[in-house]
Amino acid sequence: MNTTLDTFRLDGARALVTGASRGIGRAVALALAEAGARLALSARSEQALKETAEQVAAHGTEPVLVPGDLADLAQAALVDRAAEALGGLDVLVHNAGILPTRPDGTPILLPLQHLPQRAWDEVLAVNLNATVAICRHAYPYLAAAERASLVLMSSVAGWIGTPMMEAYAASKAAQISLARSLAVGWGRQGIRVNALCPGWTRTDMTAFAHTNGPLSDWLLAHVPLGRWAEPAEVAAAALYLASPASGYLTGQALLLDGGVSVPDGGLAGIPKPPSPFAVP
Ligand SMILES: NC(=O)c1ccc[n+]([C@@H]2O[C@H](COP(=O)([O-])OP(=O)(O)OC[C@H]3O[C@@H](n4cnc5c(N)ncnc54)[C@H](OP(=O)(O)O)[C@@H]3O)[C@@H](O)[C@H]2O)c1
(Lines give C-alpha, C1' and ligand atoms only; values in the text may rest on other atoms or scores of the structure.)
Protein backbone atom coordinates (compact mmCIF):
# COMPACT_ATOMS: atom_id res chain seq x y z
CA MET A 1 0.00 0.00 0.00
CA ASN A 2 1.26 3.48 -0.85
CA THR A 3 1.81 5.80 2.09
CA THR A 4 1.36 9.53 1.71
CA LEU A 5 5.13 9.85 1.73
CA ASP A 6 5.33 7.37 -1.18
CA THR A 7 3.30 9.76 -3.34
CA PHE A 8 6.27 12.14 -3.32
CA ARG A 9 8.39 9.47 -5.06
CA LEU A 10 9.15 9.58 -8.76
CA ASP A 11 10.69 6.13 -9.20
CA GLY A 12 11.39 5.57 -12.87
CA ALA A 13 9.77 8.86 -13.97
CA ARG A 14 11.50 10.48 -16.92
CA ALA A 15 12.20 14.12 -16.07
CA LEU A 16 13.84 17.08 -17.79
CA VAL A 17 15.11 20.02 -15.74
CA THR A 18 16.24 23.16 -17.58
CA GLY A 19 18.56 25.70 -16.00
CA ALA A 20 20.08 22.77 -14.11
CA SER A 21 23.69 23.99 -14.10
CA ARG A 22 23.39 25.89 -10.80
CA GLY A 23 21.08 27.58 -8.33
CA ILE A 24 17.47 26.48 -8.08
CA GLY A 25 17.67 24.18 -11.12
CA ARG A 26 20.57 22.19 -9.68
CA ALA A 27 18.67 21.79 -6.40
CA VAL A 28 15.55 20.66 -8.31
CA ALA A 29 17.61 18.10 -10.23
CA LEU A 30 18.99 16.70 -6.98
CA ALA A 31 15.55 16.53 -5.37
CA LEU A 32 13.99 14.72 -8.34
CA ALA A 33 16.93 12.29 -8.49
CA GLU A 34 16.61 11.64 -4.77
CA ALA A 35 12.94 10.81 -5.38
CA GLY A 36 13.97 8.21 -7.99
CA ALA A 37 13.51 10.07 -11.29
CA ARG A 38 15.68 9.44 -14.34
CA LEU A 39 16.93 12.82 -15.47
CA ALA A 40 17.87 14.89 -18.46
CA LEU A 41 19.56 18.18 -17.59
CA SER A 42 19.91 21.34 -19.64
CA ALA A 43 21.68 24.73 -19.53
CA ARG A 44 24.30 26.54 -21.62
CA SER A 45 27.35 25.69 -19.52
CA GLU A 46 28.35 22.07 -20.18
CA GLN A 47 31.04 22.12 -17.48
CA ALA A 48 28.60 23.27 -14.80
CA LEU A 49 26.02 20.75 -16.03
CA LYS A 50 28.61 18.00 -15.58
CA GLU A 51 29.08 19.10 -11.97
CA THR A 52 25.31 18.83 -11.40
CA ALA A 53 25.39 15.44 -13.15
CA GLU A 54 28.07 14.15 -10.77
CA GLN A 55 25.95 15.13 -7.78
CA VAL A 56 22.84 13.56 -9.38
CA ALA A 57 24.73 10.34 -10.15
CA ALA A 58 25.40 9.97 -6.42
CA HIS A 59 21.69 9.10 -6.17
CA GLY A 60 22.27 6.18 -8.52
CA THR A 61 21.00 7.58 -11.82
CA GLU A 62 23.36 8.85 -14.52
CA PRO A 63 21.62 11.86 -16.14
CA VAL A 64 21.48 12.66 -19.83
CA LEU A 65 22.92 16.09 -20.71
CA VAL A 66 21.12 18.16 -23.35
CA PRO A 67 22.88 21.54 -23.37
CA GLY A 68 21.45 24.48 -25.29
CA ASP A 69 21.09 28.25 -25.33
CA LEU A 70 17.41 29.10 -25.09
CA ALA A 71 18.00 32.60 -26.41
CA ASP A 72 17.87 30.71 -29.71
CA LEU A 73 14.33 29.30 -30.03
CA ALA A 74 15.49 26.45 -32.27
CA GLN A 75 17.39 25.11 -29.23
CA ALA A 76 14.06 24.13 -27.65
CA ALA A 77 14.56 20.95 -29.66
CA LEU A 78 16.68 19.92 -26.68
CA VAL A 79 13.35 18.65 -25.29
CA ASP A 80 13.18 16.12 -28.14
CA ARG A 81 16.77 15.01 -27.47
CA ALA A 82 15.93 14.56 -23.79
CA ALA A 83 12.73 12.60 -24.47
CA GLU A 84 14.41 10.39 -27.04
CA ALA A 85 17.26 9.58 -24.66
CA LEU A 86 14.90 8.88 -21.74
CA GLY A 87 12.28 7.04 -23.82
CA GLY A 88 9.60 9.66 -23.10
CA LEU A 89 8.85 12.42 -20.65
CA ASP A 90 6.69 12.40 -17.52
CA VAL A 91 7.99 15.53 -15.80
CA LEU A 92 9.36 18.80 -17.10
CA VAL A 93 10.59 21.48 -14.74
CA HIS A 94 11.33 24.43 -16.98
CA ASN A 95 13.47 26.56 -14.74
CA ALA A 96 15.96 28.41 -16.99
CA GLY A 97 15.49 32.15 -16.68
CA ILE A 98 17.32 35.47 -16.61
CA LEU A 99 17.25 39.01 -15.32
CA PRO A 100 18.26 41.73 -17.76
CA THR A 101 22.03 41.98 -17.52
CA ARG A 102 24.86 44.20 -18.69
CA PRO A 103 27.74 42.68 -20.66
CA ASP A 104 29.72 42.43 -17.38
CA GLY A 105 26.95 40.22 -15.94
CA THR A 106 25.52 42.73 -13.44
CA PRO A 107 21.72 42.98 -13.45
CA ILE A 108 20.04 46.01 -14.97
CA LEU A 109 17.63 47.35 -12.34
CA LEU A 110 15.97 50.35 -13.96
CA PRO A 111 12.43 51.66 -14.15
CA LEU A 112 10.73 50.83 -17.44
CA GLN A 113 11.15 54.34 -18.83
CA HIS A 114 14.94 53.85 -18.68
CA LEU A 115 15.16 50.19 -19.69
CA PRO A 116 16.65 49.75 -23.17
CA GLN A 117 14.31 47.90 -25.53
CA ARG A 118 17.17 45.45 -26.21
CA ALA A 119 17.14 44.38 -22.54
CA TRP A 120 13.35 43.91 -22.60
CA ASP A 121 13.63 41.78 -25.74
CA GLU A 122 16.40 39.60 -24.30
CA VAL A 123 14.44 38.87 -21.14
CA LEU A 124 11.20 38.12 -22.96
CA ALA A 125 13.06 35.91 -25.46
CA VAL A 126 14.50 33.63 -22.79
CA ASN A 127 11.84 33.81 -20.08
CA LEU A 128 8.71 33.79 -22.22
CA ASN A 129 9.34 32.86 -25.86
CA ALA A 130 11.63 29.96 -24.93
CA THR A 131 9.08 28.80 -22.35
CA VAL A 132 6.45 28.65 -25.07
CA ALA A 133 8.79 26.77 -27.42
CA ILE A 134 9.77 24.33 -24.66
CA CYS A 135 6.10 23.66 -23.86
CA ARG A 136 5.28 23.15 -27.53
CA HIS A 137 8.11 20.64 -27.96
CA ALA A 138 7.18 18.86 -24.73
CA TYR A 139 3.49 18.43 -25.51
CA PRO A 140 3.56 15.19 -27.53
CA TYR A 141 5.75 13.43 -24.94
CA LEU A 142 3.76 14.66 -21.94
CA ALA A 143 0.48 13.74 -23.65
CA ALA A 144 1.80 10.22 -24.27
CA ALA A 145 2.80 9.80 -20.61
CA GLU A 146 0.41 8.18 -18.19
CA ARG A 147 0.54 11.04 -15.70
CA ALA A 148 2.49 14.12 -16.69
CA SER A 149 3.47 17.21 -14.74
CA LEU A 150 4.82 20.43 -16.22
CA VAL A 151 6.24 22.94 -13.75
CA LEU A 152 7.09 26.45 -14.95
CA MET A 153 9.55 28.26 -12.67
CA SER A 154 7.90 31.65 -12.45
CA SER A 155 8.42 34.13 -9.62
CA VAL A 156 6.53 36.13 -7.04
CA ALA A 157 7.65 39.04 -9.25
CA GLY A 158 4.98 37.85 -11.69
CA TRP A 159 2.34 38.19 -8.97
CA ILE A 160 3.12 41.45 -7.19
CA GLY A 161 4.17 44.85 -8.49
CA THR A 162 7.91 44.76 -9.10
CA PRO A 163 9.22 48.18 -10.13
CA MET A 164 12.66 48.28 -11.75
CA MET A 165 12.19 44.68 -12.83
CA GLU A 166 9.24 45.21 -15.18
CA ALA A 167 10.55 43.02 -18.03
CA TYR A 168 11.36 40.15 -15.69
CA ALA A 169 8.05 40.55 -13.84
CA ALA A 170 5.99 40.66 -17.05
CA SER A 171 7.71 37.53 -18.35
CA LYS A 172 7.05 35.73 -15.07
CA ALA A 173 3.39 36.84 -15.03
CA ALA A 174 3.07 35.48 -18.55
CA GLN A 175 4.39 32.11 -17.34
CA ILE A 176 1.65 32.04 -14.70
CA SER A 177 -0.95 32.82 -17.37
CA LEU A 178 0.49 30.15 -19.64
CA ALA A 179 0.38 27.58 -16.83
CA ARG A 180 -3.29 28.35 -16.24
CA SER A 181 -4.22 28.19 -19.94
CA LEU A 182 -2.26 24.99 -20.58
CA ALA A 183 -3.66 23.36 -17.44
CA VAL A 184 -7.15 23.78 -18.87
CA GLY A 185 -6.23 23.04 -22.47
CA TRP A 186 -4.14 19.95 -21.71
CA GLY A 187 -6.08 18.61 -18.71
CA ARG A 188 -7.87 15.90 -20.68
CA GLN A 189 -4.49 14.67 -21.91
CA GLY A 190 -3.60 14.04 -18.29
CA ILE A 191 -1.05 16.82 -18.17
CA ARG A 192 -0.96 18.92 -15.01
CA VAL A 193 0.60 22.37 -15.37
CA ASN A 194 1.54 24.62 -12.47
CA ALA A 195 3.69 27.68 -11.92
CA LEU A 196 6.08 27.77 -8.99
CA CYS A 197 6.69 31.31 -7.76
CA PRO A 198 9.65 31.66 -5.42
CA GLY A 199 10.51 34.85 -3.59
CA TRP A 200 14.05 36.07 -2.90
CA THR A 201 16.23 32.95 -3.15
CA ARG A 202 19.97 32.83 -2.52
CA THR A 203 21.52 32.05 -5.94
CA ASP A 204 23.89 33.60 -8.49
CA MET A 205 20.93 35.52 -9.93
CA THR A 206 20.43 37.39 -6.67
CA ALA A 207 24.10 37.70 -5.64
CA PHE A 208 23.86 41.44 -6.35
CA ALA A 209 21.46 41.64 -3.39
CA HIS A 210 22.36 38.89 -0.92
CA THR A 211 26.02 39.94 -0.95
CA ASN A 212 25.10 43.60 -0.39
CA GLY A 213 24.24 44.06 3.30
CA PRO A 214 22.12 47.23 3.14
CA LEU A 215 20.24 46.06 0.05
CA SER A 216 19.65 42.61 1.54
CA ASP A 217 18.44 44.13 4.82
CA TRP A 218 16.03 46.41 2.97
CA LEU A 219 14.63 43.58 0.83
CA LEU A 220 14.24 41.27 3.83
CA ALA A 221 12.39 43.99 5.73
CA HIS A 222 9.59 43.30 3.22
CA VAL A 223 9.66 39.51 3.75
CA PRO A 224 7.54 38.41 6.73
CA LEU A 225 9.80 35.40 7.37
CA GLY A 226 12.72 37.82 7.37
CA ARG A 227 15.24 35.67 5.51
CA TRP A 228 16.33 34.45 2.09
CA ALA A 229 14.96 31.19 0.70
CA GLU A 230 17.49 28.46 -0.03
CA PRO A 231 17.38 26.65 -3.39
CA ALA A 232 16.62 23.34 -1.63
CA GLU A 233 13.40 24.85 -0.23
CA VAL A 234 12.26 25.73 -3.76
CA ALA A 235 13.28 22.25 -4.92
CA ALA A 236 11.06 20.63 -2.28
CA ALA A 237 8.06 22.51 -3.68
CA ALA A 238 9.06 21.56 -7.24
CA LEU A 239 9.15 17.91 -6.17
CA TYR A 240 5.65 18.27 -4.72
CA LEU A 241 4.36 19.74 -7.99
CA ALA A 242 6.18 17.14 -10.11
CA SER A 243 5.06 14.12 -8.11
CA PRO A 244 1.74 12.30 -7.61
CA ALA A 245 1.57 14.03 -4.20
CA SER A 246 -0.02 16.95 -6.06
CA GLY A 247 -2.03 14.71 -8.40
CA TYR A 248 -5.20 16.82 -8.23
CA LEU A 249 -3.46 20.20 -8.43
CA THR A 250 -3.32 22.00 -11.77
CA GLY A 251 -3.41 25.54 -13.12
CA GLN A 252 -2.10 27.02 -9.87
CA ALA A 253 0.60 29.49 -8.97
CA LEU A 254 2.34 28.26 -5.83
CA LEU A 255 3.79 31.28 -4.02
CA LEU A 256 6.84 30.16 -2.08
CA ASP A 257 7.88 33.61 -1.00
CA GLY A 258 8.25 33.85 2.76
CA GLY A 259 5.02 35.87 2.76
CA VAL A 260 6.27 38.74 0.61
CA SER A 261 3.07 38.65 -1.49
CA VAL A 262 0.82 38.95 1.57
CA PRO A 263 -0.18 42.58 2.13
CA ASP A 264 0.11 43.54 5.80
CA GLY A 265 -1.21 47.07 5.50
CA GLY A 266 1.78 48.13 7.59
CA LEU A 267 0.13 46.64 10.70
CA ALA A 268 2.91 44.11 11.36
CA GLY A 269 5.08 47.02 12.40
CA ILE A 270 8.21 45.56 10.79
CA PRO A 271 10.66 48.49 10.67
CA LYS A 272 11.76 49.42 7.15
CA PRO A 273 15.21 50.90 6.64
CA PRO A 274 15.49 53.71 4.09
CA SER A 275 15.38 52.50 0.50
CA PRO A 276 18.84 51.96 -1.02
CA PHE A 277 17.34 52.64 -4.45
CA ALA A 278 17.79 56.12 -5.86
CA VAL A 279 15.21 56.06 -8.63
CA PRO A 280 16.52 58.07 -11.59
N1 LIG B 1 16.81 33.44 -7.26
C2 LIG B 1 15.62 33.99 -7.04
O3 LIG B 1 15.44 34.80 -6.10
C4 LIG B 1 14.45 33.61 -7.88
C5 LIG B 1 13.18 33.99 -7.43
C6 LIG B 1 12.07 33.65 -8.19
C7 LIG B 1 12.21 32.95 -9.37
N8 LIG B 1 13.45 32.58 -9.79
C9 LIG B 1 13.54 31.85 -11.05
O10 LIG B 1 14.15 30.60 -10.83
C11 LIG B 1 14.85 30.20 -12.00
C12 LIG B 1 16.28 29.84 -11.63
O13 LIG B 1 16.87 30.99 -11.05
P14 LIG B 1 18.23 30.97 -10.22
O15 LIG B 1 18.06 31.96 -9.15
O16 LIG B 1 18.63 29.58 -9.89
O17 LIG B 1 19.19 31.63 -11.31
P18 LIG B 1 20.69 31.34 -11.74
O19 LIG B 1 21.50 30.89 -10.58
O20 LIG B 1 21.11 32.54 -12.50
O21 LIG B 1 20.51 30.10 -12.75
C22 LIG B 1 19.83 30.28 -13.95
C23 LIG B 1 19.85 28.98 -14.72
O24 LIG B 1 19.27 29.21 -16.02
C25 LIG B 1 20.21 28.85 -17.02
N26 LIG B 1 20.11 29.75 -18.16
C27 LIG B 1 20.22 31.11 -18.14
N28 LIG B 1 20.13 31.62 -19.37
C29 LIG B 1 19.95 30.55 -20.20
C30 LIG B 1 19.82 30.42 -21.60
N31 LIG B 1 19.86 31.49 -22.41
N32 LIG B 1 19.67 29.18 -22.13
C33 LIG B 1 19.64 28.10 -21.31
N34 LIG B 1 19.77 28.15 -19.98
C35 LIG B 1 19.93 29.36 -19.43
C36 LIG B 1 21.57 28.96 -16.33
O37 LIG B 1 22.53 28.11 -16.90
P38 LIG B 1 23.72 28.59 -17.84
O39 LIG B 1 24.18 29.94 -17.39
O40 LIG B 1 24.73 27.52 -17.71
O41 LIG B 1 23.07 28.61 -19.18
C42 LIG B 1 21.25 28.46 -14.93
O43 LIG B 1 21.26 27.06 -14.89
C44 LIG B 1 14.75 31.37 -12.98
O45 LIG B 1 13.71 31.12 -13.91
C46 LIG B 1 14.39 32.54 -12.09
O47 LIG B 1 13.68 33.53 -12.79
C48 LIG B 1 14.58 32.89 -9.07
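Below, the structure is looked at part by part. (Residues numbered from 1 in each chain as written. Predicted model: local features only at pLDDT ≥ 70, side-chain atom pairs only at ≥ 80, totals over all residues. Heavy atoms only, no water.)

**Quick look at the packing of aromatic side chains**
At step 1: Under the criterion given, the structure shown has 3 aromatic pairs.
At step 2: A ring pair is formed by Tyr-139 and Trp-186, whose centres lie 4.8 Å apart and whose planes are at 50°; its orientation type is tilted. Here the residue Tyr-139 occupies a position in helix α4 (residues 117-144), and Trp-186 occupies one in the loop between α5 (166-185) and β6 (191-198), the gap between them amounting to 47 residues.
At step 3: Here the aromatic rings of Trp-200 and Trp-228 are separated by 5.9 Å at their centres, their planes lie at 70°, and the arrangement is edge-to-face. Separated by 28 residues along the polypeptide, Trp-200 in the loop between β6 and α6 (207-210) and Trp-228 in the loop between α7 (213-220) and α8 (231-242) bring together distant segments of the chain.
At step 4: Under the relative-accessibility criterion, Trp-200 is labelled partly exposed at 22%.
At step 5: Judged by relative accessible area, which is 4%, Trp-228 ranks as buried. (Phe/Tyr/Trp six-rings, centres within 6.5 Å; stacked < 30°, edge-to-face > 60°. Helix = DSSP H or I, 4+ residues; strand = E, 2+ residues; numbered from the N terminus. Buried < 20%, exposed > 50% of the residue type's maximum accessible area, 1.4 Å probe, protein only.)

**Considering α4**
At step 1: The first and last C-alpha atoms of α4 sit 40 Å apart over 28 residues, in line with the 40 Å expected at 1.5 Å per residue.
At step 2: Bending of α4 peaks at approximately 45° at the position of Ala-138, with proline Pro-140 no more than four residues after it. (Expected span 1.5 Å × (residues − 1). Bend = angle between axes of the 7 residues up to and from the residue.)

**Regarding the side chain of Asp-90**
At step 1: By the secondary structure assignment, Asp-90 is in the loop between α3 (78-86) and β4 (91-94).
At step 2: Judged by its relative accessible area of 13%, Asp-90 is buried.
At step 3: A distance of 2.7 Å separates the side chain of Asp-90 from the side chain of Arg-14, its partner in a polar contact. (Polar contact = N/O pair within 3.5 Å; in protein donor to acceptor, adjacent residues only side chain to side chain.)

**Some points on the pattern of salt bridges**
At step 1: Inspection of every chain in the model, using the stated rule, returns 7 salt bridges.
At step 2: Of the charged contacts in the structure, one is a salt bridge between Glu-51 and Arg-26, with a shortest N-O distance of 3.7 Å. With Glu-51 in helix α2 (residues 46-57) and Arg-26 in helix α1 (residues 23-34), this pair connects stretches of sequence that are 25 residues apart.
At step 3: According to the relative accessible area criterion, Arg-26 is buried, its value standing at 18%.
At step 4: A salt bridge links Arg-227 to Glu-233; the nearest nitrogen and oxygen atoms lie 2.8 Å apart. (Salt bridge = Lys/Arg side-chain N within 4 Å of Asp/Glu carboxyl O.)

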